[in-house]
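What follows is the residue order along each chain.
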Amino acid sequence: MPGGCPIFNTLIDSNDGDPALRTHALAVVTRWEEMIGRSIAQGVKDGTVKPHTEPQAVATMLIGTLEGAIVLSRVHASPIYMQNAAKLPVYYIKRDVAL
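Residues numbered from 1 in each chain as written. Predicted model: local features only at pLDDT ≥ 70, side-chain atom pairs only at ≥ 80, totals over all residues. Heavy atoms only, no water.

## Some thoughts on the pattern of salt bridges
Across all of its chains, the model carries one salt bridge by this definition. Asp96 is the partner of Arg95 in a salt bridge, and the nearest nitrogen-oxygen pair spans 2.5 Å. (Salt bridge = Lys/Arg side-chain N within 4 Å of Asp/Glu carboxyl O.)

## A closer look at the side chain of Glu67
Structurally, Glu67 is set in helix 3 (residues 55–76). With no salt bridge to any partner, buried Glu67 finds its closest opposite charge in Arg74, at an N-O distance of 10 Å. In contact with Glu67, other than residues within four places in its own chain, are Cys5, Phe8 and Trp32. (Helix = DSSP H or I, 4+ residues; strand = E, 2+ residues; numbered from the N terminus. Buried < 20%, exposed > 50% of the residue type's maximum accessible area, 1.4 Å probe, protein only. Lys, Arg positive; Asp, Glu negative; His and termini not counted. Contact = heavy atoms within 4.5 Å.)

## A word on the environment of Asp18
Topologically, Asp18 is positioned in the loop between helix 1 (6–14) and helix 2 (19–46). The exposure class assigned to Asp18 is partly exposed, which follows from its relative accessible area of 32%. The spatial distance from the C-alpha of Asp18 to the C-alpha of Pro79 is 31 Å, given a sequence separation of 61 residues.

## A look at the side chain of Thr65
Here Thr65 lies in helix 3. Classification of Thr65 as buried rests on a relative accessible area of 17%. Those residues in contact with Thr65 that lie beyond four places of it in its chain are Thr60, Ala85, Leu88 and Pro89.

## Topic: the nonpolar core
Core analysis: the biggest nonpolar cluster contains 10 residues, these being Ile36, Ile40, Val49, Val58, Ala59, Met61, Leu62, Ile63, Tyr92 and Val97. A per-element tally of this core places helix 3 first, with five residues. Not counting residues up to four positions away in its chain, the partners in contact with Val58 are Ile36, Ile40, Thr53, Tyr92 and Val97. (Core = buried A, V, L, I, M, F, W, Y, C linked by side-chain atoms within 4.5 Å.)

Have a look at this one:
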């Protein structure tokens, strides 16, 4: 992703300097986390997700893996980090989340 993730770039760049901008960027990330949480809750209700799955843990793993891979891909100028990271959520979901 050229330039990295615009939301996380904004969060990092505005963390100390522009509280209003940080608030808006954080709201986007929070909505992303909530969307994942709703998906997990719906999956539990539908019987496709293990009942004790923690939505916040899933959101952290998914977002952290993808955002970290974006950073590594940018630093190393190589898509291999994104390619490798794209495999991990599938494995994690099959092993720890899905029924």
